[in-house]
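Understanding the architecture of this molecule
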Amino acid sequence: GVLPYWPRNYCKISLDHDRRVREATQQAFEQLILKVKKYLAPHLKSLMGFWLIAQCDTYSPAASAARAAFEAAFPPHKQPEALTFCKDEILNVLLDHLLKETPDSLSDPQTVPPEERESKYFRVVTCSLLALKRLLSMLPSGESSVLQERLAHLLSQSKFWKYSKHQSPNIRSAFFELISAL
């Protein structure tokens with residue numbers, strides 16, 4: 001009964017400011033996967049971008065829990081296939097986070113203090129850069145060439161290149177990891 005509502009809620013709480021909430025979300029997701037198994041398939045495209053970001057969470061217990069959920073859903077030989085199936089939706093989420101989102105668009109300025117909005121934004125950008133690197137490393141080689149046009153768009157944006165000089169060392173580090181993967 002939870003499955004139809006899970007994607008919308010998961011996408012929101014998997015980016016929560018509280019690391020314990022993010023970790024518990026991934027643990028709950030793994031339990032849900034073990035129950036629903038193949039019935040998760042129709043919801044994969046809406047989940048996969050945020051799931052990949054969660055696997056690159058800066059809080060390692062949350063990232064480990066997300067990877068455990070991913071491994072529970074897909075055996076190792078099926079993982080590239082699952083990412084290939086959702087690659088467009090994953091890229092949409094990652095490019096939105098990297099090029100469009102701001103601290104105020106990710107969190108409600110009315111209820112969230114400025115420092116918390118900024119730290120969440122820095123974390124989401126860091127995780128999105130690392131998730132893009134993970135996507136590129138896990139896709140079969142023929143599939144990554146299909147993404148060239150979308151990646152060329154990313155590389156043509158000045159906002160993307162500004163991450164190399166960002167005030168956050170985590171963002172700079174993730175940026176250069178992605179560049180080396182590219």
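Along each chain, the written sequence defines residue order, and numbers are assigned to residues from 1. Per-residue local features of the predicted model are confined to residues with pLDDT of at least 70, and side-chain atom pairs are confined, for both listing and counting, to 80 or more; whole-chain, interface and lining totals are unaffected and use all residues. By convention in this description, side-chain values take in all heavy atoms of the structure and omit both hydrogens and water.

Observations regarding the packing of helix α2 (residues 19-36) against helix α4 (residues 60-73)
As a reminder of what qualifies: Interaxial angles span 0 to 180 degrees and are taken between N-to-C directions of axes, which are lines fitted to C-alpha atoms, for helices over the stretch in contact. Under the scheme used here, helices are H or I runs from DSSP no shorter than 4 residues and strands are E runs no shorter than 2 residues, and both carry numbers assigned from the N terminus. If an angle is under 35 degrees, it is roughly parallel; if it is over 145, roughly antiparallel; if it lies from 65 to 115, roughly perpendicular; otherwise it is oblique. We call two residues contacting when some pair of their heavy atoms lies within 4.5 Å. Each residue receives one of three labels: charged for Asp, Glu, Lys and Arg, nonpolar for Ala, Val, Leu, Ile, Met, Phe, Trp, Tyr, Cys and Pro, and polar for the others, Gly being one of them.
Between α2 and α4, the least distance of the axes is 8 Å, while the angle of their chain directions is 10°. Classed by the angle they form, the pair α2 and α4 counts as roughly parallel. On α4, the residues that touch Arg22, Glu23, Gln26, Gln27, Phe29, Glu30, Ile33 and Leu34 of α2 are Pro61, Ala62, Ala65, Ala66, Ala68, Ala69, Ala72 and Ala73. Classifying every residue of the contact of α2 with α4 by side-chain character gives 11 nonpolar, 2 polar and 3 charged.

Quick look at the UniProt feature "domain: E3 ubiquitin-protein ligase listerin N-terminal" (unreviewed entry) in the protein
To keep it simple, the criterion reads: UniProt positions are given in the numbering used here, feature names are shortened, and annotations may be inferred rather than shown by experiment.
Per the UniProt record, "domain: E3 ubiquitin-protein ligase listerin N-terminal" (unreviewed entry) is found at residues 1-182. Helix makes up 74% of residues 1-182 and strand 0%. Its end C-alpha atoms lie 41 Å apart.

Overview of α2
Residues spaced three or four apart along an α-helix face the same direction, because each turn holds 3.6 residues. Applied cut-off: What a helix is expected to span follows from its residue count: subtract one and scale by 1.5 Å. Partly exposed describes any residue whose relative accessible area lies between the buried limit of under 20% and the exposed limit of over 50%, with all areas from a 1.4 Å probe on protein chains only and scaled to the type maximum. Two N or O atoms count as a polar contact when they lie within 3.5 Å, although within protein this holds only if one can serve as hydrogen donor and the other as acceptor, and sequence-adjacent residues are included solely when both atoms are side-chain atoms.
Over its 18 residues, α2 extends 26 Å from the first C-alpha to the last, a length consistent with the 26 Å expected when each residue adds 1.5 Å. Turning to α2, its buried residues are Arg22, Glu23, Thr25, Gln26, Phe29, Leu32, Ile33 and Val36. Each element contacted by the buried residues of α2 is listed here: α1 (6-13), α3 (44-55), α4 and α8 (114-138). Between the side-chain oxygen of the N-cap and the backbone nitrogen of Arg20 there are 2.9 Å, and the N-cap of α2 in question is Asp18. With its phi angle positive at about 45°, Lys37 sits one or two positions after the end of α2.

Thoughts on the side chain of Ser128
Locating Ser128 in the fold gives a position in helix α8. Reaching out from Ser128, the side chain makes a polar contact with the side chain of His97 at a distance of 3.4 Å. Setting aside chain neighbours within four positions, we find Ser128 in contact with Ile53, Leu94, His97 and Leu98.

With respect to the packing of aromatic side chains
Where we set the bar: In summary, the pairing rule links any two rings of Phe, Tyr or Trp, Trp by its six-membered ring, whose centres are within 6.5 Å, and it sorts them by plane angle into stacked for under 30 degrees, edge-to-face for over 60 and tilted for everything else.
Scanning all chains against the criterion turns up 12 aromatic pairs. Ring centres of Trp51 and Phe74 lie 6.0 Å apart, and the angle between their planes is 45°; on these two criteria the pair is classed as tilted. Of this pair, Trp51 sits in helix α3 while Phe74 sits in the loop between α4 and α5 (79-85), and the two are 23 residues apart along the sequence. Taking relative accessible area as the criterion, Trp51 reaches 0% and is therefore assigned buried. Among the residues examined, Phe74 registers a relative accessible area of 12% and is labelled buried. One aromatic cluster is present, formed by Trp6, Tyr10, Phe29, Trp51, Phe70 and Phe74 through successive ring pairs.

Digging into the environment of Phe122
Note on placement: Phe122 falls in helix α8. Overall, Phe122 belongs to the buried group, its relative accessible area being 16%. Between the C-alpha atoms of Phe122 and Gly49, which are 73 residues apart in sequence, the distance is 17 Å. Beyond its immediate sequence surroundings of up to four residues, Phe122 is in contact with His166, Gln167, Ser168 and Ile171.

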